[in-house]
Amino acid sequence: MNGFIQAAAAAALCASLAAQAPPILERTLPNGFQVLLVERHDEPSISCGWVVRAGSANERPGITGVAHLFEHMMFKGTRTIGTRDAVRDGELNRKQDEVMKTVREEQALLCERLRRGEIQDLRDPAARTPRLQAALAELDALVKAQRALIVKDELPKVYGQAGATGLNANTTTDRTFFHIDVPANKLELWAWLESDRLLDPVFREFYSERDVVLEERRMRVEATPTGRAMETFQAMQWQASPYSWPVIGWPSDISSLTRDQADAFFATYYAPGNITLILVGDFKAEEAMATLTRYFGRVPANPVPPPPVTVLEPPQGGEQRLTADVEATPFVLIAQKAVPSVHRDAAALDILAAILNGDSGRLKRALVQGRGAAIEAGCGFEGQKYGGTFRLYAAPVPGKGPEELEALLLDEIRAVQDQGVTDHELQKVKNQIAAYTYRRMERNGDLRDQLAEAVSAGTWRDFLAEPERLQAVTREDVQRVARTYFAREGRNTLVVRRKETK
Amino acid sequence: MYRPLLLALAAGLALQAQAIPPRPEAIAFKPLAFTVPKAGAFKAALSNGIPVYIADEPGGLPLVRIRVFIKGGSYLDPAGKEGLAALAGAQMRAGGTRRTPAAALDERLEFLAADLQAQLGETSGSLALDILDKDLPEGLDLLMQVLTQPAFAPERLAEAKRALRQGLASRNDRLDTIAGLEMPRLLYGEGHFTRAGATAASVDAITREDLAAFHARLLHPANLVVSVSGKFQRKAMLARLDATLGRLTAGSAARVSPAVPAPAYRARPGIYVMDKAVPQSLVRWSLPGLRRTDPDWAAATVLNRILAGGDFTARLTKKIRSDEGLTYGIGGAFGDGPYWRGNWSGQFQTRNASVAYALKLFLAEVERIKREPVPAEELASIQAGIVEAFPARWGRKAGVVDLFASERLVGWPEDGWADYRARIQAVTAEDVQRVARTYLDPAKLVLLVVGKADEVLAGDRDHPGALADVAPLPVVRLPLRDPLTLNPLS
C-alpha cells in the first residue's frame, strides 16, 4: 500500500538510530585485555564488568560445571583479600587437597559397590569405610582450622561498605560475566579488587562451595516441576555439541571436581587476551584508562591462547521426541536447530519470531484467541556462540492435551513458508526494534550487559550493527529462513503432560 | 587537538608510576555529594486533585512513561468472587475499549511499539504506558480509553478465565506457590482477605458485569496518583495531563476506596510441614515485626542486614551457605506494613534431610545476636553499606517519581527517606540488641516447611537431630490443598 512511505520512514529511523548510538571507545592493554568504555554523565555511578570467553562449552565430560563452580570460587578471595594469614591458609588448602585424594579413592570404592548394587546411596554414613570416615573427619578439622583464618566474604564486604550494589556473576554456555555498579568516585576500588582476583585468586572453601552448587542445582533443576525434563530435552537436542550438558553441570561431576581441575581451567581461560573489561557511566575515559592500565596491567599475559571449540554439531539424523509426565501445566515445545547469533540469517530469524509473537502476533491470534485452543503460545530464536535454536511453544486450555497444539504451531510456520509475511507485519516489528534500541540503552547496567553478550559471541560492533541489520531484513528474507530452518529432520519436540500431584 | 591528548598521556604515565596500595582501604577517594530528592520538587496536582509526580528529562532518550497508580485490589473482592480484582485489572487493557476493540488495541499499541499494562494486586494496582515521545498524544488517548471506557470484551474474559483456571490447577506444582498460599492463612487466619485465593468456583462466578461494576467503583479521582517521566517539557506535559486525567470526575458508582482491613487473627506459633515429593525443601519463617514509621525501624533494618539481608555478608548466609554449604541462598527482611505491622520473614531451600540442622543453626544465630552485642567493626560495616548504597536507589528519575507516587498512594509520610541515612548512622549496638530481644522471639515463630515430610522430620544422619528437637514448638503436619477448591486434601 504505502511501501514508499514506509521505506522513507525506515531510512529516517536508521539515521536517528545511528545518532543515538552510544559512544563506545575500544582500547587494548599491553597484556591483551580488551577495554570498552562508554562515558555517560546522567547518574553519579559506573556500571562495571568483565567478561571471560569461557563457559560450559569449554568443558568436557567429567568436569562439567567447572566453569560455573569457578564463577563461585572467584568470590572466595585472594592472597590479600579473605584471609588473615595467606601462608597458613595456603598450607591448609594443600592439606585439604591431600585428604581429598583419600576421600576420592574411598568414594571410588563406594561407586564400585553402588555399581554392583551393594549400596543404594553414596551419601549414606552407614556405607562409609572407616578410612573414609576418618578422612572426612580430618577434612572437617582442616576446614575448621582454616575458617579461623578466613575473613569471611571480604570481597562483598569491601564493596558493600563503599556503596557498590549488584555484585554478582553468571555463567552461560559461552562466557562468564562478573559485574557490579559502583559510585562514580569508586572506580579505583573496582580496579583494585578485580585485578587482584584475576592476578592472585585463592579457591578457599572449595569443598563446601561444591555443596552450595549442588543445592543451587537442586533448587533450580531438581525441585522445580520441569527442570529435569528441560535438561533431558537439551541433552537430547545436542549430540556432539557441548551445549548438550547443563551449564551447572551433572551432579556427579560437580561433587567430584578438584581444586587442581579448577586451577587448570583458570590458567587456560582466565587470561587477559580472553577477557574484556567494560565500563558504562560517569567517568572520564582517559583517567579511567590510566587507572585500568595501572591495575590490570599487573596481570601477566598468557603466552598460549585458549584452545578453540572445534566441535561442529552434525546434522541431526531424524526427528526426535521426548514425552515427560511431570507435575506441571502441560505444554508442547518444538525446538529446531538453527544458527549462531552472529550468522547472517540470525536477524531474519529474530524478525520471524517477533512477527509470530506478541498480543497481535500470529501465534496468539491463531491458537489463543481464534480457536481458544491454548492459554498461551509463543516462540523465540536464541542464537548462541556455536549454534542456535528456534523454539515454538504452546500450552493447552484446561482439559486438552498438548499434542494437538503441535500441528497448529507448525501450521503457522507453514503459512509463512507458503505465503510469507505482510508489509504491515514487518513494519510493526521494525518499529518495535527501533523503540527497543532506545530501551536497551537506557540503563547503564543494561548497556554494559549487552556489550558483554556481544563480545562473548562476536564483537562489540555487532551490538551497534544489530538495529540496522534487523531493519534491513526483507519479507523475502523472512520467508526464506522459514523455509530453510524448519526441516522435519532437524526438529526436537518436548511434550509435557500433567502427572497428578502425590 | 593534540595538546589535551598529550596532557592526558602525560597524566596517564604519571599515574602508572604510582605504587599500588597494599589494601583497598588505602585508596583515597574524592567525595561524592548526594542529597535525597525532595518530593515537593517533583509534585504537581491536576484540576480534579489527582497528585502528579513529574520528572522531565529533555536531553534523554525519546521515551515517555506515564503510570497511573490505583488504590483498590483484591481486598475489595466480594465473598464468592475471589479473583475479581485481578481479572478486572488485567481486562481493563486486554478486553479493549468502547472505541477501540481488543484486537485493534493490541494491534495499534504494538505497531506504535508502545507498552500499556494494567493490573490490580491485593491493595493497589496501576496502568502503565511506555511510549516513544512522538506517539505520546495517541498513547495518552489509548491510556485514557483503557482507564475510563474499558469494554471488557466477553471473549477476552473467557480467554482469561481459561488461563486462570489452568493456573489454579498448577498451584501444587511449585514449592513457592504452595508456601505462598499457606503462609497468609497461618499468619492472618481464614477471615482475612490475604488468604482468600481464587477458586475454580469463584472464577466461574465472575461475570462481565462484575468487572464493569468493579471498575466503575474504582474510577474516582481520589483513588488515583500519577507519575510521569521522560523526554518532554514539564509545562506542556502538565497541560496535557490536565486536559485528560484532570477532567476525570467521579461517576455515580464511584467510591473512595475504603481502608485496607488489618487482620484480627493471632498466629499460632509452630513448625508446619507440608508433604511434597521433591529432593529439596522450602523453609519460610515469620515473626511479628513493626511498621516503617516505628522509632525502632532503623535499628530493625540494621539488625536484619546483620542477620539475614544484604547478599553475601549476613550472618545466616555466612553460617548456613558459606560455612556449611547447606543452601544456595538465605535471606530475610522486615516487611514495612503500610496497613498493619509487617513481619520479620525470610526463606531458604535445603536438602530435605538438612532442614532440621539448618534450622538449628538459624535459631543459634538468632539467639547469638540477642545475647552478644554486635562488634563495633561489624556494625560500622553494615551501617556504611546501607548508607553508601542509598544514593544508588535514586539514580533514575522514573524510579524516583514512581516511588513518591506509590508512597503517596498508601499514605507514607512525604520525604520519609530524607533523614534515613542519619537514622541508620545513629543506631548503636545496644539498639540492635534491644530490637533483637523485642522482635526475635522464637516462641512466636511460624515456620513452614514444604518438602518430603518423612526425610524432613527425621533430619540428617551426619548432624543428628529430628525436626521436633529443633525448638520447643509444636510440629504440625498440614495437608496440601485441592488446587481448585483450596479445601485440604485428605
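- Chain B is annotated in an unreviewed UniProt entry as Peptidase M16 from Mesoterricola sediminis.

- The name given to chain A in an unreviewed UniProt entry is Peptidase M16, with Mesoterricola sediminis as the source organism.

1. Some words on the overall build of chain B
- The number of helices and strands found in chain B is 17 helices and 12 strands.
- With the principal axes as the frame, chain B shows a C-alpha extent of 80 × 70 × 40 Å.
- Residues counted as buried form 54% of the 490 residues belonging to chain B.
- For chain B, contacts bridging at least 24 residues in sequence account for 83% of all contacts bridging at least 6.
- When the accessible surface of chain B is split by element, carbon and sulfur atoms take 56% of a total near 20200 Å².

2. Some words on the environment of Thr293(B)
Residues and elements named next belong to chain B.
- The residue Thr 293 is located in the loop between β8 (280–288) and α10 (297–307) in this model.
- The spacing of Thr 293 and Leu 211 is 82 residues in sequence and 36 Å in space, taken between C-alpha atoms.
- Once residues within four sequence positions are removed from consideration, Thr 293 is found in contact with Trp 412 and Pro 413.

3. A word on the confidence of the model for chain B
- When pLDDT is averaged along chain B, the result is 93, and 96% of the positions lie at 70 or above.
- With pLDDT under 50 throughout, residues 1–16 of chain B is counted as low confidence; its partners more than four residues away or in other chains account for 6 contacts.

4. Points about the environment of Ala405(B)
All names here are of chain B.
- By the secondary structure assignment, Ala 405 is in helix α14 (residues 397–410).
- Taking the C-alpha atoms as reference, Ala 405 lies 6.4 Å from Val 226; in sequence the two are 179 residues apart.
- Dropping the residues within four chain positions of it, Ala 405 is found in contact with Tyr 53, Phe 69, Val 225, Val 226 and Ser 227.

5. Thoughts on the packing of aromatic side chains
- For the structure on display, the rule yields 35 aromatic pairs over all chains.
- An angle of 45° between the planes, with centres 4.7 Å apart, marks the rings of Phe265(A) and Tyr269(A) as tilted. Of this pair, Phe265(A) and Tyr269(A) both sit in helix α10 (residues 259–269), separated by 4 residues, roughly a single helical turn. As far as the burial class goes, Phe265(A) and Tyr269(A) line up, both buried.
- Ring plane angle 35° and centroid distance 5.2 Å describe the contact between Phe390(B) and Tyr420(B), whose orientation is recorded as tilted. Separated by 30 residues along the polypeptide, Phe390(B) in the loop between α13 (376–389) and α14 and Tyr420(B) in helix α15 (residues 420–425) bring together distant segments of the chain. As far as the burial class goes, Phe390(B) and Tyr420(B) line up, both buried.

6. A few points about the sheet that holds strand β1 (residues 24–28) of chain A
Residue and element names in this part refer to chain A.
- In space, the 6 strands of this open sheet follow the order β1-β2-β6-β3-β5-β4, with mixed pairing throughout. The open sheet terminates on both sides in strands that have one partner only, identified here as β1 and β4 (165–171). Put simply, the sheet's adjacent strands are angled 15° from each other on average, direction ignored.
- Pairing between strand β3 (residues 45–52) and strand β6 (residues 275–281): 7 bridges, direction antiparallel. Bridged to Gly 49 within β6 is Ile 278.
- Contacts from helix α11 (residues 285–296) reach β1, β2 (34–39) and β6 within the one sheet, and its direction differs from that of β2 by about 150°.

7. Re the UniProt feature "domain: Peptidase M16 C-terminal" (unreviewed entry) in chain A
- Mapped onto the present numbering, the UniProt feature "domain: Peptidase M16 C-terminal" (unreviewed entry) falls on residues 256–432 of chain A.
- A distance of 47 Å separates the end C-alpha atoms of residues 256–432 of chain A, which is 40% helix and 23% strand.

8. What about the environment of Val481(A)?
All names here are of chain A.
- With respect to the helices and strands, Val 481 occurs in helix α18 (residues 475–484).
- Distance from Val 481 to Gln 417, taken between C-alpha atoms, is 8.5 Å for residues 64 residues apart in sequence.
- Setting aside chain neighbours within four positions, we find Val 481 in contact with Asp 345, Ala 348, Leu 349 and Phe 486.

Thresholds, definitions, all that
Residues numbered from 1 in each chain as written. Chains lettered and ligands numbered in written order. Predicted model: local features only at pLDDT ≥ 70, side-chain atom pairs only at ≥ 80, totals over all residues. Heavy atoms only, no water. Helix = DSSP H or I, 4+ residues; strand = E, 2+ residues; numbered from the N terminus. Buried < 20%, exposed > 50% of the residue type's maximum accessible area, 1.4 Å probe, protein only. Contact = heavy atoms within 4.5 Å. Areas by Shrake-Rupley, 256 points an atom, 1.4 Å probe, with all protein chains shown as cover. pLDDT = per-residue confidence, 0-100. Phe/Tyr/Trp six-rings, centres within 6.5 Å; stacked < 30°, edge-to-face > 60°. Pairing = 2+ DSSP bridges. Axes fitted to C-alpha atoms, helices over the stretch in contact; angles between N-to-C directions. UniProt positions renumbered as here; feature names shortened; annotations may be inferred.

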